[in-house]
Amino acid sequence: QGWGGGKSFTGQSTIKGPDVLGVPKWQGDPDANLRMLRAALRFYGAAQIGVVPYDTNVKNKLTCVREGGMASMSDKYIEKWPIPAVDARPFVFEDVEKGYETAEKLVIPDKKELFVVSVIQPMSREMWRQGSGNLRVATNGHRYSLASVWQTKIQGFLTTLGYQGLGYPTRAYGPMPTIPGFIFSGLGELGRSNNVCLSPEYGSTHGSFHFLTDLPLTPTKPIDAGMWRFCKTCAICAENCPSQS
């Protein structure tokens, strides 16, 4: 359970790029690159991907201020804002070619055209149905373990091609909220249970993740699969919600 070891914002530093390998940087058109990246992520264990340009609008409105996901830090500093950088590093933009991280910050390159790659990680539907017990906890944690594996592998894959992948830092979540990328890239829609996204293939039983890359990619478009319209009149989840929330 949990994230597992080895995951980092920039990936493993031991992976060699084209300059070290003595080969040209990969040059593919955005359509072919999208198919290649999708195939690679499926091979590494993910299910489906979508792409959104990390343009000025997305950068300014959706980039997280700091790395998150540390409940203990939220409790500790709820009345002592701001959280020190050593406990929750800020995401910052710099005029550099490659992203990097230090003990005080997570740097996103402002020089590069970047894309948000949203990724679906399926979960066990049967285990997810087991109330709030250990089986449900196990399948929820397992998606994070699987995501830490394919994130590290896809970062190495991109490095070898001559590109970068900026993902989830070691102890926290990635540079932007996952739900907007999921919706804008056409992986699914919001529904009545809108703290998660609904996928046409996997419903709400999946994890949604993302990373940034400078590999040129063709953006994918939002969809209308009819789920939001269905949720307006179904209401089964609302009627059966124990807290009526």
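Residues numbered from 1 in each chain as written. Predicted model: local features only at pLDDT ≥ 70, side-chain atom pairs only at ≥ 80, totals over all residues. Heavy atoms only, no water.

> Sorry, what's going on with the pairing of strand E5 (residues 115–122) here?
Looking along a regular strand, one sees side chains alternate from face to face of the sheet. Counting buried positions along E5 yields seven of eight residues, so the element is predominantly enclosed. Across six bridges, strand E1 (residues 48–53) lies against E5 in antiparallel orientation. Across the sheet, residue Gln48 finds its bridge partner in E5, namely Ile120. Across eight bridges, E5 lies against strand E9 (residues 206–213) in antiparallel orientation. Bridge assignment links Gln121 to a residue of E9, and that residue is Gly207. (Buried < 20%, exposed > 50% of the residue type's maximum accessible area, 1.4 Å probe, protein only. Helix = DSSP H or I, 4+ residues; strand = E, 2+ residues; numbered from the N terminus. Pairing = 2+ DSSP bridges.)

> Help me understand the pairing of E9, please; the structure alone is not making it clear to me.
Of all eight residues in E9, eight are buried; the element is thus mostly enclosed. Residues His206, Ser208, His210 and Leu212 line one face of E9 and the alternating positions Gly207, Phe209, Phe211 and Thr213 line the opposite face, and both faces are buried.

> Looking at this structure, I do not really get the side chain of Asp214. What am I missing?
With respect to the helices and strands, Asp214 occurs in the loop between E9 and helix H8 (227–234). Taking the relative accessible area as the measure of exposure, Asp214 reaches 9% and is therefore buried. Within polar-contact distance, the side chain of Asp214 engages the backbone nitrogen of Gln164 at 2.9 Å. Sequence-distant contacts of Asp214, defined by excluding residues within four places in its chain, comprise Lys112, Glu113, Leu114, Tyr163 and Gln164. (Polar contact = N/O pair within 3.5 Å; in protein donor to acceptor, adjacent residues only side chain to side chain. Contact = heavy atoms within 4.5 Å.)

> Can you help me understand the environment of Phe9 in this one?
Checked against the element boundaries, Phe9 lands in the segment before helix H1 (18–21). Through-space distance from the C-alpha of Phe9 to that of Asp75 is 24 Å; in sequence the pair is 66 residues apart. Sequence-distant contacts of Phe9, that is, excluding residues within four places in its chain, are made with Phe91, Tyr100, Glu101, Leu106, Val107, Ile108, Gln155, Gly165, Leu166, Gly167, Tyr168 and Pro169.

> Help me understand helix H2 (residues 30–44) in this model?
Structurally, the α-helix is built with 3.6 residues per turn, so residues lying three or four positions apart point the same way. With 15 residues, H2 ought to run about 21 Å at 1.5 Å a step, and its terminal C-alpha atoms sit 21 Å apart, in line with that. For H2, the full list of buried residues reads Asn33, Leu34, Met36, Leu37, Ala40 and Leu41. The buried side chains of H2 occupy one side of the element, clustering within an arc of 165 degrees when seen end-on. Residues of H2 that are exposed and angled more than 90 degrees away from the buried face: Arg35 and Phe43. (Expected span 1.5 Å × (residues − 1). Arc of directions from axis to C-beta.)

> For this particular structure, what's the right way to read the sheet that holds E5?
If you trace the four strands from one edge of the open sheet to the other, you get E1-E5-E9-E6, paired in antiparallel fashion. Two strands lie at the open edges of the sheet, namely E1 and strand E6 (165–166), each paired on one side alone. Along the sheet face, H2 touches E1, E5 and E9 and points at about 140 degrees away from the line of E1. Sheet contacts for helix H6 (residues 134–161): E5, E6 and E9; angle to E9, the most-contacted strand, approximately 20 degrees. (Axes fitted to C-alpha atoms, helices over the stretch in contact; angles between N-to-C directions.)

> Can you help me understand the packing of aromatic side chains in this one?
Two aromatic rings are characterised by how far apart their centres lie and by the angle between their planes. Considering all chains together, one arrives at nine aromatic pairs under this definition. Relative to Phe157, the ring of Tyr44 has its centre 6.4 Å away and its plane inclined at 75 degrees; by these criteria the two rings are edge-to-face. Of this pair, Tyr44 sits in helix H2 while Phe157 sits in helix H6, and the two are 113 residues apart along the sequence. Look at Tyr44 and you get partly exposed, because its relative accessible area is 23%. What makes Phe157 partly exposed here is its relative accessible area of 22%. Summarising the aromatic geometry, the rings of Trp150 and Phe209 are spaced 6.0 Å apart at their centres and angled 80 degrees between planes, so their arrangement reads as edge-to-face. With a gap of 59 residues between them, Trp150 in helix H6 and Phe209 in strand E9 connect regions that are remote in the sequence. Both residues of the pair, Trp150 and Phe209, count as buried. Among the aromatic side chains, those forming a connected cluster through ring pairs are Tyr144, Trp150, Tyr168, Tyr173 and Phe209. We note Lys59 situated over the ring of Phe93; from NZ or CZ to the ring centre the distance is 5.1 Å. For Arg136, the ring lying beneath its charged end belongs to Trp128, and the centroid distance is 3.7 Å. (Phe/Tyr/Trp six-rings, centres within 6.5 Å; stacked < 30°, edge-to-face > 60°. Lys NZ or Arg CZ within 6 Å of the ring centre and 35° of its normal.)

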